[in-house]
Amino acid sequence: MTTPATATFEELLLPVLDGAYATALHLTRERQDAEDLVQEAALLACRGFGGFRPGTNFRAWFFRILSNAFYSRYRRRRREGTALELEDTPELYLYARTAGAGLHGRSEDPAGLLLDRLDQEEIGAAVDALPEEYRMVAALYLLQDFSYQEIAGILEVPVGTVRSRLHRARRMLQRGLWRIAEERGIIRELVQTGEEAH
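Residues numbered from 1 in each chain as written. Predicted model: local features only at pLDDT ≥ 70, side-chain atom pairs only at ≥ 80, totals over all residues. Heavy atoms only, no water.

1. Thoughts on the pattern of salt bridges
Piece 1. Applying the stated criterion across every chain yields a total of three salt bridges.
Piece 2. Between Arg64 and Glu156 there is a salt bridge whose closest N-O contact spans 3.9 Å. Placement of Arg64 in helix α4 (residues 58-74) and of Glu156 in the loop between α9 (148-155) and α10 (159-183) is noted, with a sequence separation of 92 residues between them.
Piece 3. The salt bridge partner of Glu182 is Arg97, with a shortest N-O separation of 3.5 Å. (Salt bridge = Lys/Arg side-chain N within 4 Å of Asp/Glu carboxyl O. Helix = DSSP H or I, 4+ residues; strand = E, 2+ residues; numbered from the N terminus.)

Following this line, the structure appears as structure tokens:
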């Protein structure tokens, strides 16, 4: 989405702030840190606004600044707190778990049946648990609807890297979503409902 050539910085910034804060909250996992990160990105964007090319995508430009600010601010924490590991998450994890729970006979899309029971907050919690590099790609793609090409531009990485990270993020998310559904009793409810229906 290109921006008008005559728009002021404030006119361009205001419409992207809510999405930027939501993304920053998923990245930092703390409200105060998210506010600080967005404020820092806004300050950097204001200072660098002379380098913004009018008529190009301001939202993508701003999210690049936000992601760079996040990486520079949290670089030292890169390996801390990895809640989910890829190595022990097999392909089609959610498919295998829903089959094991007996949900495949109840729906053509048993994973969808499970995901429909989770709210945005629970899905956001699964995104929050991803390691940093995957959390960034997942937040930009799943929560902000950026395309692969836009994410590649924002993160300044090749499109193939975006695809690879998103594929891995989805694998880890399957495990995280299953865990949340178990903790909330959703799996138990779905299994019991299926037993009652027979």
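2. As for the nonpolar core
Piece 1. Ranked by size, the top nonpolar core spans 37 residues in total, and within it Phe58, Phe62, Leu140 and Leu155 carry the most contacts.
Piece 2. Elements with a minimum of two residues in this core: α1 (9-13), α2 (17-28), α3 (31-47), α4, α8 (132-143), α9 and α10.
Piece 3. Among all residues touching Leu140, those that are not within four sequence positions of it are Thr23, Phe63, Asp145, Phe146, Ile151, Ile154 and Leu155.
Piece 4. One finds Leu103, Ala126, Leu130 and Tyr134 within the second-largest nonpolar core, a separate group that totals 20 residues. (Core = buried A, V, L, I, M, F, W, Y, C linked by side-chain atoms within 4.5 Å. Buried < 20%, exposed > 50% of the residue type's maximum accessible area, 1.4 Å probe, protein only. Contact = heavy atoms within 4.5 Å.)

3. Points about helix α7 (residues 120-128)
Turn by turn, an α-helix covers 3.6 residues, leaving residues three or four places apart pointing in a common direction.
Piece 1. Along α7, the positions that sit buried rather than exposed are Glu122, Gly124, Ala126 and Val127.
Piece 2. Residues of α7 that are buried in the fold lie against α2, α8 and α10.

4. Brief notes about the packing of aromatic side chains
Piece 1. For the coordinates displayed, the defined rule picks out 12 aromatic pairs.
Piece 2. For the pair Phe49 and Phe52, a centre-to-centre distance of 5.8 Å together with 15° between the ring planes defines the contact as stacked.
Piece 3. An aromatic cluster is defined as three or more aromatic residues linked by ring pairs; in this entry it consists of Phe9, Phe49, Phe52, Phe58, Trp61 and Phe62.
Piece 4. Taking the ring centre of Phe146 as reference, the NZ or CZ of Arg59 above it sits at 4.1 Å. (Phe/Tyr/Trp six-rings, centres within 6.5 Å; stacked < 30°, edge-to-face > 60°. Lys NZ or Arg CZ within 6 Å of the ring centre and 35° of its normal.)

5. Quick look at the packing of α2 against α8
Piece 1. Put simply, α2 and α8 touch, their axes get as near as 10 Å, and they point 150° apart. Relative to α8, the element α2 is oriented roughly antiparallel. The handedness of the crossing between α2 and α8 is right-handed. Contacts from Thr23, His26 and Leu27 in α2 reach Arg135, Met136, Ala139, Leu140 and Leu143 in α8.
Piece 2. Grouping the constituent residues of the contact of α2 with α8 by class yields five nonpolar, two polar and one charged. (Axes fitted to C-alpha atoms, helices over the stretch in contact; angles between N-to-C directions. Parallel < 35°, antiparallel > 145°, perpendicular 65-115°, else oblique. Left-handed = near helix turned anticlockwise from the far one by under 90°. Nonpolar A, V, L, I, M, F, W, Y, C, P; charged D, E, K, R; others polar.)

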